[in-house]
Amino acid sequence: MTAVTGTDDRGAVRAPVRGLTVLYDAECTLCTHLRDWLVRQPQLVPLELVPAGSAEARTRFPDLDHAATFDEVTVVGDAGQVYRDTAAWIVVLWALREQRPLAHRLSTPAGARLARGAVLAAARWRGAQWGGKVYRRADGWTYDPGLGWIHDPAGCDGDACATR
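The sections below set out a description of the structure shown in this document. (Residues numbered from 1 in each chain as written. Predicted model: local features only at pLDDT ≥ 70, side-chain atom pairs only at ≥ 80, totals over all residues. Heavy atoms only, no water.)

## Let's talk about the packing of aromatic side chains
Cut-off, in case you're wondering: Note on aromatic pairs: the rings of Phe, Tyr and Trp (six-membered ring only in Trp) are paired at centre separations within 6.5 Å, and the planes decide the class, stacked below 30 degrees, edge-to-face beyond 60, tilted for the rest. Two thresholds decide whether a charge sits over a ring: the Lys NZ or Arg CZ must be within 6 Å of the ring centre and within 35 degrees of the ring normal.
Considering all chains together, one arrives at zero aromatic pairs under this definition. The side chain of Arg100 reaches across the aromatic face of Trp94, ending 4.1 Å from its centre.

Here it is as structure tokens:
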């Protein structure tokens, strides 16, 4: 089995892909770096980049597990195809003019193992950046370049927050 067959096709097994939506973590420096790189690449298949878990993502894809889109790369095809994890990276590379030959090589069984290793390495790096924790603005976290992450949960007034 190749990496690209690991999709939730939702009835779109043989539908051509004419556009892809890439869901990315807008608060992750690696993710935003890759987003910026993707928008500069010549595309054979148009890519739309939408922040994971955003109102736009929830409106466009109400049936997706949006919490999971923060944990694994998720790409949605215009005919309803859902690519996750390694298959998502391969299909994104396939959409890029200069990367399509690489995507074809990575879609073989041997290439899929290499692609999986790259995805795991990126996930490991991403997790190590915050000590394995994910700091989200929705949970009351803000980032100050001089101070780092600062927590100010909603509903707390000074030191009046209840402890667990």
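## Details of the pairing of strand 4 (residues 74-77)
Applicable threshold: Each residue is assigned to one of three classes by its accessible area relative to the maximum for its type, calculated with a 1.4 Å probe on protein chains only: buried under 20%, partly exposed between the two thresholds, exposed over 50%. Only DSSP runs of H or I with at least four residues qualify as helices, and only runs of E with at least two residues qualify as strands; both kinds are numbered from the N terminus onward. Here a strand pair is declared whenever DSSP counts at least two bridges between the two strands.
Judged by which residues are buried, strand 4 turns out to be covered on both faces: Thr74 and Val76 on one side and Val75 and Gly77 on the other are all buried. Pairing between strand 2 (residues 20-24) and strand 4: four bridges, direction antiparallel. Considered in strand 4, the bridge of Leu23 is made with Thr74. As paired elements, strand 4 and strand 5 (residues 82-84) share three bridges and run antiparallel to each other. The partner of Val76 across the bridge, within strand 5, is Val82. Linkage of strand 4 to strand 5, two consecutive antiparallel strands, is achieved through a turn of four residues, within which Gly80 is found at a positive phi near 95 degrees.

## As for the pattern of salt bridges
Here is the rule we go by: Whenever Lys or Arg places a side-chain nitrogen within 4 Å of a carboxyl oxygen from Asp or Glu, that contact is recorded as a salt bridge.
All told, the structure shown has four salt bridges when counted by the stated rule. The partner of Arg60 in a salt bridge is Glu48, with the nearest N and O atoms 3.2 Å apart. Highlighted residues: Arg60 in helix 2 (residues 55-60) and Glu48 in strand 3 (residues 47-51), separated in sequence by 12 residues. Arg60 serves as the salt-bridge partner of Glu56, at 3.1 Å between the closest nitrogen and oxygen. Taken together, the residues span about one helical turn, with Glu56 and Arg60 both in helix 2 at a distance of four residues. Take Glu56: its relative accessible area is 41%, and that puts it in the partly exposed class.

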